[in-house]
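# Geometric and topological summary
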Amino acid sequence: MRERVTAWRSSGERVALVATMGNLHRGHLALVREARAVADRVVASLFVNPLQFSPGEDLDAYPRTLAEDRRQLAGVGCDLLFTPTPDVVYPRGQAAHTRVEVPGLSDILCGASRPGHFVGVATVVCKLLNMVQPDVALFGEKDFQQLLVIRRMVADLDMPIEIRAVATLREADGLAMSSRNGYLSADERARAPALYQALTQAAKALHEGQSVESVEHAARAMISASGLEPDYVSVRAASDLRAAETSVLDTEAWVILAAAYLGRARLIDNLSVNRART
């Protein structure tokens, strides 16, 4: 893989990386299409990273669909598929491996519910960026916290790589596309769009000048009433995920982030909010 990428870059070609855990859906393919638009060559990585799974999570059950993933990637113009195994990524084992931590962004929101998750994410993304050495790497906005963790890591470690965000791709009813949506039963799938509906109602309420506290409370109630178990709903600054210091938003860019449990799935989503009208 490194020899191929080095040859491309030596000939002046711009290289993009799309890092995935496989079981690809149209959201992943949108990342690859965007990568083709901003680079001459596209590398996709497929690695189910054990370091970002907590004990009792779905590491063993996570769907592995390599043959279908390979077919889909070829159909959207991916030049190279990189599929390292755990012993390649962590040759001394996970416990003895150097880890990367992004303080301040890693232990809130999803990080509070999944301790150590973003250390695993930052570590494996750092490794993949060093392995592939792309000019640009693309990540979806659906996991907004992950996107900010990666951007901060790249900036703090002076990595000469552009991080590009790609908008969340949604189903027709608003549900954010996710590999874990496959865990949902038919009934659960029918209820799942309530998470996005709660976010859209929350954004509307913030625009109308309602307080952050009342909006977060109403969104959690709406999620619960739809049969989902809310983990959190939180209005945060889009730049660094700090909580709103006033009850009504100012002109800064904000984002509403939410997570909820539904059956075997843990759903996450977010929605950007412009200046609230007061």
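Cut-off values and rules
Residues numbered from 1 in each chain as written. Predicted model: local features only at pLDDT ≥ 70, side-chain atom pairs only at ≥ 80, totals over all residues. Heavy atoms only, no water. Helix = DSSP H or I, 4+ residues; strand = E, 2+ residues; numbered from the N terminus. Rg over C-alpha atoms; globule rule 2.2 N^0.38 Å. Buried < 20%, exposed > 50% of the residue type's maximum accessible area, 1.4 Å probe, protein only. Contact = heavy atoms within 4.5 Å. Axes fitted to C-alpha atoms, helices over the stretch in contact; angles between N-to-C directions. Parallel < 35°, antiparallel > 145°, perpendicular 65-115°, else oblique. Left-handed = near helix turned anticlockwise from the far one by under 90°. Nonpolar A, V, L, I, M, F, W, Y, C, P; charged D, E, K, R; others polar. Pairing = 2+ DSSP bridges. Right-handed = clockwise from strand over helix to strand, strands pointing away. Phe/Tyr/Trp six-rings, centres within 6.5 Å; stacked < 30°, edge-to-face > 60°. Salt bridge = Lys/Arg side-chain N within 4 Å of Asp/Glu carboxyl O.

The helix and strand tally for the protein chain stands at ten helices and eight strands. What you see for the protein chain is a C-alpha radius of gyration of 19 Å, in line with the 19 Å of a compact globule of 278 residues. Based on the C-alpha atoms only, the size of the protein chain along its principal axes is roughly 55 × 40 × 40 Å. Counting over 278 residues, the protein chain shows a buried share of 51%. Contacts spanning at least 24 positions in sequence make up 73% of the contacts within the protein chain whose residues lie at least 6 apart.

Next up on the list: the packing of helix H6 (residues 117-132) against helix H7 (residues 144-156). Two elements in contact, H6 and H7, have axes separated by 10 Å at closest approach and are oriented at 55 degrees. The pairing of H6 with H7 is recorded here as oblique in orientation. Like other packed secondary-structure pairs, H6 and H7 cross with a definite hand, here right-handed. Where H6 abuts H7, its residues Phe118, Val121, Ala122, Val125, Cys126 and Leu129 lie against Gln145, Gln146, Val149, Ile150, Met153 and Val154. Each residue belonging to the contact of H6 with H7 can be placed in one class, and the counts come to ten nonpolar, two polar and no charged.

Across five bridges, the pairing between strand E4 (residues 136-140) and strand E5 (residues 162-166) is parallel. Each residue of the ladder has a partner; that of glycine 140, found in E5, is valine 166. With respect to chirality, the unit in which E4 leads through H7 into the neighbouring parallel E5 is right-handed.

To continue, consider the packing of aromatic side chains. Under the definition given, this model contains two aromatic pairs. Between phenylalanine 47 and tyrosine 90 the ring centres are 6.3 Å apart and the planes differ by 55 degrees, which places this aromatic pair in the tilted class. In this pair, phenylalanine 47 is assigned in the loop between strand E2 (41-46) and helix H3 (66-75) and tyrosine 90 in the loop between helix H4 (86-89) and helix H5 (110-113), connecting sequence segments 43 residues apart. Tyrosine 90 matches phenylalanine 47 in its accessibility class, with the two residues each being buried. Plain terms: the ring middles of phenylalanine 53 and tyrosine 62 are 6.2 Å apart, the flat faces sit at 80 degrees to each other, and that makes the pair edge-to-face.

Charged atoms that come close allow side chains of opposite charge to pair. Applying the stated rule across the entire model yields 18 salt bridges. The shortest N-O distance in the salt bridge between arginine 41 and glutamate 13 comes to 3.3 Å. Here glutamate 13 lies in the loop between helix H1 (2-10) and strand E1 (15-20) and arginine 41 lies in strand E2, a separation of 28 residues in the sequence. Given a relative accessible area of 22%, glutamate 13 falls into the partly exposed group. A salt bridge links arginine 36 to aspartate 79, with the nearest nitrogen and oxygen atoms 2.9 Å apart. Residue arginine 36 is located in helix H2 (residues 26-38), and its partner aspartate 79 is located in the loop between H3 and strand E3 (80-82); the two are separated by 43 residues in the primary sequence. Residue aspartate 79 is classed as partly exposed on the basis of its relative accessible area, which comes to 26%. Bridged by salt links that share partners, the residues Glu13, Arg36, Arg41 and Asp79 form one connected network.

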